[in-house]
Amino acid sequence: MAEIVYPQGCRPITDDLGPDELVRRLKALAHTLQGLGQDEGMYQQYIPLALHLADDFFLTHPSRDVQLLIACCIADVLRVYAPEAPYKDQEQVKTIFLFLINQLQGLRDPKDPAFKRYFYLLENLAYVKSFNMCFELEDCQEIFCALFSLMFKIVNTEHSSKVKSFMLDVLCPLITESDVVSNELMNVILANLVEPNKREHKYAYALAKELIIKTSETLEPYIQAFFNHVLILGKEEKNLLIFSKVYELIYELNQCSPNVLLAVLPQLECKLKSAQFQERLSAVALLARMFSEPGSTLAKQYPALWRAFLGRFNDISVPIRIKCVQYCMHFLVHHPDLRKDITDTLKMRQHDANEQVRYEVVMAIIATAQRDFQAVAESETLLHFVRERTLDKKFKIRKEAMSGLALIYKKFLTEESVPPATEKAVQWIKDKILHGYYMTALEDRLLVERLLNTSLVPYTLPPQIRMKKLYYLMANVDDNATKAFIELQKHQLAVRRTVAEWVELHTKPPTPAVQKDLIAKVLHISSKFLPESVKAQEFLNKFSNHMKKAPELLQGMETILNPNVSCEVCVRTTSNVLKKLGQPVMTNLYYNTVKMLLERVSSVMVDHESLLILVGYVEGAVKGTDPSIAEECGIELNVAVERGLKLLVMLSFVFPSHFIHLDVLERLISLLELDEETVAPHVLAALTFLGKYRPLSEACPTLFPKLITLCKAYAEVGTPKQAKNAVRCLFVNVPDQRAHIFTEILETLKTTLNPNSEHYRTAIVTLGHIAQNLPDNFPVHIKNIVSRKIVKELLVREGGGGPNAPEGEWCEEQELPEETRCKLEGLKCMARWLLGLKKDELSAQKTFRMLNAFIVHKGDLLQQNQLSAAEMAHLRLAAGAAMLKICEQKGVGDQFTAEQFYNLSHLMIDDVPQVREAFAAKLHKGLSKGIPNKCLPLDFMGMYALAGREPVKRIRSVVRHYMLADVVRRREYVRNITVGTKVEKAVSQLPHILPDYMLVFAVPVLAHDPTFTSYDNVAQLKVVKQCLWFILEPLITRNDFYCYGFYKSLVERMKNHKDAINETDDVTNYKLWATCDLAMSIIWSRTTSFEMREFPSDARIPTMYFAPQPDFFVNTRIFLPPELQYQQPKKAPSVEPATRAKKRARPDKDKQQHFTNDVELDVVDRRSIDAKPSEASDTQIILPGIEEPPESELDEPLAKRPLGDPLADPAV
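Along each chain, residue indices are assigned from 1 in the same order as the chain's sequence is written. In keeping with the model being predicted, local features are shown solely for residues with a pLDDT of at least 70 and side-chain atom pairs are shown and tallied solely at 80 or more, while totals for entire chains, interfaces and linings include all residues. Only hydrogens and water are set aside; all other atoms, that is, all heavy atoms of the structure, feed into the side-chain values.

**Quick look at the overall build of the protein**
Scanning the protein from N- to C-terminus turns up 58 helices and two strands. Taken over C-alpha atoms, the radius of gyration comes to 44 Å for the protein, far larger than the 33 Å a tight globule of 1212 residues would show. With the C-alpha coordinates of the protein rotated into their principal frame, the extents come out at 150 × 80 × 65 Å. Taking all 1212 residues of the protein together, 55% fall into the buried category. Any two residues whose heavy atoms approach within 4.5 Å at even a single point are treated as in contact. Relative to all contacts within the protein whose residues are 6 or more apart in sequence, the contacts with residues 24 or more apart total 75%. Surface summary for the protein: the accessible area is close to 54100 Å², and the carbon and sulfur share equals 51%. Put simply, DSSP H or I for four residues or longer makes a helix, DSSP E for two residues or longer makes a strand, and each gets a number counted from the N terminus. Here the globule rule reads 2.2 Å times residues to the power 0.38, and the radius of gyration is calculated from C-alpha atoms. To sort residues, take the accessible area from a 1.4 Å probe on protein chains only and compare it with the maximum for the residue type: under 20% means buried, over 50% means exposed, and anything in between is partly exposed. Residue-level accessible areas treat just the shown protein chains as cover; the underlying method is Shrake-Rupley with a 1.4 Å probe.

**Looking at the state of the cysteines**
Pairs of cysteine sulfur atoms within 2.5 Å are what we label disulfides. Overall, the coordinates contain zero disulfides when judged by the stated rule. The cysteine Cys-324 is free of any disulfide, with Cys-328 supplying the nearest cysteine sulfur at 7.6 Å. Of all cysteine sulfurs in the structure, the one in Cys-567 sits closest to Cys-633, which takes part in no disulfide; the separation is 19 Å.

**Considering the pattern of salt bridges**
By definition here, a salt bridge exists when the distance from a side-chain nitrogen of Lys or Arg to a carboxyl oxygen of Asp or Glu is within 4 Å. Inspection of every chain in the model, using the stated rule, returns 48 salt bridges. For the salt bridge of Lys-750 with Glu-747, the shortest nitrogen-to-oxygen distance reads 3.2 Å. You can see Lys-750 and its partner Glu-747 sitting in helix H43 (residues 738-752), three residues apart, about one turn around the helix.

**So, the confidence of the model for the protein**
You can read pLDDT as the predictor saying how much it trusts each residue, on a scale of 0 to 100. When pLDDT is averaged along the protein, the result is 85, and 90% of the positions lie at 70 or above. Below pLDDT 50 for its whole length, residues 1131-1167 participates in 49 contacts with residues either more than four positions away or in separate chains. With pLDDT under 50 throughout, residues 1195-1212 is counted as low confidence; its partners more than four residues away or in other chains account for 44 contacts.

**Considering unusual backbone geometry**
Residue Glu-195 is joined to Pro-196 through a cis peptide bond whose omega torsion reads 5°. Here Ile-931 and Pro-932 are connected by a cis peptide whose omega angle stands at 5°. Here Pro-932 lies in the loop between helix H50 (913-928) and helix H51 (953-977). One non-glycine residue with positive phi stands out, namely Asn-865, at about 55°. A positive phi angle, close to 65°, is found at Phe-1112, a residue other than glycine. Inspection of the secondary structure puts Phe-1112 in the loop between strand S2 (1106-1108) and helix H57 (1149-1154).

**With respect to the packing of aromatic side chains**
Ring geometry is summarised as follows: Phe, Tyr and Trp rings, the Trp one being its six-membered ring, pair when their centres sit within 6.5 Å, and such pairs are stacked at plane angles under 30 degrees, edge-to-face over 60 and tilted between the two. One pass over the structure, following the stated rule, counts 30 aromatic pairs. Between Tyr-1070 and Phe-1119 the ring centres are 5.1 Å apart and the planes differ by 45°, which places this aromatic pair in the tilted class. Taken together, the residues Tyr-1070 in helix H56 (residues 1066-1086) and Phe-1119 in the loop between S2 and H57 connect sequence positions 49 residues apart. By the burial criterion, Tyr-1070 is buried, and Phe-1119 matches it. An aromatic cluster of three or more residues is present, and its members are Phe-848, Phe-896, Phe-901, Tyr-902, Phe-940, Phe-1001 and Tyr-1105. Two conditions define a charge located above a ring, namely a distance within 6 Å from the ring centre to NZ of Lys or CZ of Arg, and an angle within 35 degrees of the ring normal. The ring of Tyr-590 carries the charged tip of Lys-542 above its face, separated from the ring centre by 4.3 Å. Across the ring face of Tyr-1070, the terminal group of Arg-1117 is positioned such that the distance to the ring centre comes to 5.0 Å.

**Topic: a positive patch on the surface**
Any residue with relative accessible area above 30% and no salt bridge may belong to a patch, with like charges joined within 9 Å and the nonpolar Val, Leu, Ile, Met, Phe, Trp and Tyr side chains within 5 Å. Only four residue types enter the tally: Lys and Arg on the positive side, Asp and Glu on the negative side, with His and both chain ends excluded. Here the site of a charge means NZ on Lys, CZ on Arg, CG on Asp, or CD on Glu. Among the surface-exposed residues, Lys-692, Arg-728, Lys-885, Lys-922 and Lys-925 lie close enough to one another that they form a single positively charged patch. Here Lys-925 shows up in helix H50.

**A few points about helix H4 (residues 64-81)**
Residues spaced three or four apart along an α-helix point in a common direction, a consequence of the helix completing one turn every 3.6 residues. Expected span, for any helix, means 1.5 Å times one less than how many residues it has. Taking 1.5 Å per residue, 18 residues should reach 26 Å; H4 reaches 26 Å between its end C-alpha atoms and fits that length. For H4, the tally of buried residues reaches 16 of 18 residues, placing the bulk of the element in the interior. Pairs of N or O atoms within 3.5 Å make up the polar contacts considered here, provided that, within protein, one atom can donate a hydrogen while the other can accept it, and that residues adjacent in sequence are counted only when both atoms are side-chain atoms. The backbone nitrogen of Asp-65 lies 3.3 Å from a side-chain oxygen of the residue at the head of H4, namely Ser-63.

**Focus: the environment of Asp-607**
Here Asp-607 lies in the loop between helix H33 (589-601) and helix H34 (608-623). Relative accessible area serves as the criterion here: at 5%, Asp-607 is assigned to the buried category. Leaving out residues up to four positions away in the same chain, Asp-607 has contacts with Arg-466, Val-565, Ser-566, Cys-567 and His-658. Within polar-contact distance, the side chain of Asp-607 engages the backbone nitrogen of Cys-567 at 2.9 Å.

**Comments concerning the environment of Val-194**
Considering the arrangement of structural elements, one finds Val-194 in the loop between helix H9 (183-190) and helix H10 (197-200). Considered as a pair, Val-194 and Lys-245 are 51 residues apart in the sequence and their alpha carbons are 7.1 Å apart. When near neighbours in sequence (up to four residues on either side) are disregarded, Val-194 contacts Leu-241, Lys-245, Glu-248 and Leu-249.

**Describing the packing of helix H30 (residues 533-549) against helix H31 (residues 551-561)**
When two helices pack together, their arrangement is given by the angle between their axes and by how far apart the axes lie. H31 packs onto H30 with a crossing angle of 110° between their chain directions and a minimal axis gap of 5 Å. By the angle class used here, H30 and H31 are roughly perpendicular. On H31, the residues that touch Phe-543, His-546, Met-547 and Lys-549 of H30 are Pro-551, Leu-553, Leu-554 and Met-557. In this analysis an axis means a line fitted to C-alpha atoms, helices contributing only their contacting stretch, and an angle means the value between N-to-C directions, from 0 to 180 degrees. What sets the label is the angle itself: under 35 degrees gives roughly parallel, over 145 gives roughly antiparallel, 65 to 115 gives roughly perpendicular, and the rest give oblique.

**Comments concerning the side chain of Glu-619**
Positionally, Glu-619 belongs in helix H34. Among the polar contacts listed, one links the side chain of Glu-619 to the side chain of Arg-667, at a separation of 3.4 Å. What Glu-619 contacts, discounting residues up to four positions off in sequence, is Gly-624, Arg-667, Ser-670 and Leu-671.

**Focus: the packing of helix H55 (residues 1044-1055) against H56**
The N-to-C vectors of H55 and H56 enclose an angle of 165°; their axes lie 9 Å apart at closest approach. Comparing their axes, H56 and H55 come out roughly antiparallel. Taken as a pair, H55 and H56 cross one another with a handedness that is left-handed. Together, Tyr-1044, Tyr-1047, Lys-1048, Val-1051, Met-1054 and Lys-1055 of H55 and Trp-1073, Cys-1076, Asp-1077, Ala-1079, Met-1080, Ile-1083 and Trp-1084 of H56 make up the contact between the two elements. Think of it as three bins: nonpolar holds Ala, Val, Leu, Ile, Met, Phe, Trp, Tyr, Cys and Pro, charged holds Asp, Glu, Lys and Arg, and polar takes everything else, Gly as well. Among the residues forming the contact of H55 with H56, the class breakdown is 10 nonpolar, no polar and three charged. Helix crossings fall into two classes, left-handed where the near helix is turned counterclockwise from the far one by less than a right angle and right-handed where it is turned clockwise.

**Thoughts on helix H29 (residues 512-528)**
Helix length check: H29 (17 residues) gives 24 Å between terminal C-alpha atoms against 24 Å at 1.5 Å per residue, within 8%. Three or more residues of H29 are buried, namely Val-514, Leu-518, Val-522, Ile-525 and Ser-526. All buried residues of H29 fall inside an arc of 100° around its axis, so they share one side. H29 presents Pro-512, Lys-516 and Ile-519 as exposed residues on the side facing more than 90 degrees away from its buried surface. Residues of H29 that are buried make contact with helix H28 (479-505), H30 and H33. The reported arc concerns the directions from the helix axis to the C-beta atoms and nothing else.

Listed below in structure tokens is the structure:
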């Protein structure tokens, strides 16, 4: 071996030196080598020294300092001799560079005393690209992988930018100047971009990104080859992390160096259309994220890929559809140019058969509104999607949709200017939210109540502004929303009263009777007023014990329930009560149950202070002194007056205690003094409600004399409407002076109850209302007046017609001659008089006979042909309405005969469409109120069948709404009465309430239809069949408790009876039995389950319409022509008619929920991975009376699937 020459001043380095001496000598040598420049050929004498320093003894020396100094010396040797290093043996070179890599670990801690030397080592290696020597080695990739791994491992927060810069200077040339970049090295670099390294080693992630940016041109072909390998060929090396993180990697590369992916991204289109579920999901998740990021232009750069991505919104797999929809918020917020595409895809998904997808659609739109209100506010389409989901079959979706719309409405209330689309939407948002109260589920009603107080009329606003918002709301909502608002207030009043009674029981001594009452009240509140009654009952009992132990809690509840409580005190006390119930978190069910109850009972909208402000607004509008409220509401002044007065009437019913203050009453009575026809009836109606709460003669004696004077004047010489309300107002407000005051009024009527008096019609109205309200005070006197003045001198008197009679078959009531208008009021007067008598059966029978004569003779009672067609139409309609009114009252209302019932039903098929429509409205009104005792008997539901032959489509639709609403109302009532302790009593009432029994009344009504003349006339039978389907459709197809056995038994029993009026008439009986056969054929053809399960009630046949046959009589004959008889379908291969859309096979349940397995495909094409479109009707609830359900035709092939099955969607 050549002699080792040392630089001047350096002593020999030998293996026999002790560590300390060795370190001293190495330091001197290192210092000298640092000073040597790169001067070619000058330092050949030191080559033996360079080889000596690379001896294994020094490279493996146990001293850390020795190894560091040796590494520094070797680095300087490499620098001095660059580019021709003195090391030629490949194994030695590999050993040296692995040694240097190992030494670079010292860079990890900048606080290390030796860090400067480590930094010098790094700087030296970077300066002359020392590692480039390794390109000549066969194992160079192993060395590079070790170096790169080390750098990513040691880089940390304490490193200066200079250290990181040198690290990059070392690493970059190894990529840019290399002939090849192996997958292993790519794995080392790219693994830092993905989890878990990305999260756990943030500085390695940053270093890797910088490295890729600097070397992107070189890396691009390798990266493309890697992705081709994976995406196209589907090959992977399981030992390399990046093969399992392909999609995450694409995202990160796009973030730091999108250029490297120019040829990669288009390849993802094949993954979007893959037959493998997981591949499609991964590709969708990646592209959704990339396309939706702020500033992303990928959708424009790759239009084909964007279209393919949009296609996945319709993927057959639910998780993929969900993933697509979840990113819509980011698209809508960050990419206005893509909103149209996203909106179009959402349109399809909002009808998705899967509830989670529909939920995500709503959440995406609402989240967008919260992040960027303008994005949603400017799009009517998006708002309409949310609107449609307010009727979704799932409550959680309805809840989010309603809450989202309420949020938009609240923003509209608080912001000065909003986009035109929002302004337009606000017109229907308030209606839509209030329509939610028509839902049968209690959760929906609670939600609407909450939204009313938090968004429609925010309780946090000051009283003046809050009342303006209330006025605005009630001035602009439609009729259905107004009814819902009234119903809501009534419900809350009922809840308040019941809860107040429950709370009051806590103040009484705990006797057994009180304990029993407490249990009953808790049961009542939990089952009627709160969802999930079992849990609610448990927490109400807990709250009850809590109140007994904490007097301040009981006192707080008493304050909240005090009728006179102010809104501010109520809000504060409610908050204090809730604070005592634990943490306000979702898991605290006790807190949430009581909170729900308090939301229903707390009065935070109206109190005395705010009511006085509201009355002031109405007064200003009525008197014209302050018309600004009409301008703010955006309506005409006269409409603002009417809406304001109606609002006061409604509030007087719900919050009477806030009205009974001198300042409020003075203003109301001052309105009575105005010479405005329309004002007094409303004010008098409000005062009537106040009188029912507390007679004003007690509450406000100073104002009362003036009120009596005004009411008497209205009753005697006012308009009919004023008179009606004046009598009612006096009746409730003067309990002690009734006899005296009404005697005086009756005396006045003696003069005005005269055809020559200008107040004749008013006098008739006044008489009718006095007769109804005070039947016992003047029984003989009033009976005589009715008999003489109303019947003899008015109703059966000749008259009518003449030159002033209107032409045509119909006119408005005010266009009729005065005498005819008086006759109409006379008919109403008769009805009111009977309603007052309640049990005078003889008078009732006489009255029914007279009213029946009006109907039979088409309104011309005396048949003198003097009346015009319009007068006759009004008179027969009024007679029919009077009969309906009387029939609501048990006693007198039960005196009609079957023949009179059939004659009355003929008004449903009257020649004049206005008569049919008005009569149906009266019928619906009578059937819908006060179930079961204050409404029309169930018999009258049978009359709806005649609307099945209604020629005017609009009227048919309206009547159908009425019928559906009445069916739903009765079902709901049955559901309520069968929950609780008195089930047996409830079951006995069912034949009088259950809408299923309407068939038993519809059959005789149809059999006595005058246009149905022959039982074997096919054309007539088809009309009867159409009428039967009109009533059977909601009973069969919209009934969760439909029972084939019950209907079969009902029809069979009817067929084994005969007609009660014409028992021996074969024509009538054959028509009756043919109608039964038609009903049975419909039931057979439309029933999907022929289960003979138990029905809650027996099939009973009313003897009023059906006469029994002799014992053992069985009617087996079929009375239908062969073409109308039901043909049992043959069991052939089920081929749907060509006109009918095919049904999709029901997917496996697990697959429908998870789709974790691959989709089974015969042919991998786009259609095979797409979902079948759903119809709106499959996901939506129909609100009877508001939304029109589709009416299915009788001849349409039968859909044999259970109602609401979301998986049996017909394909479009």
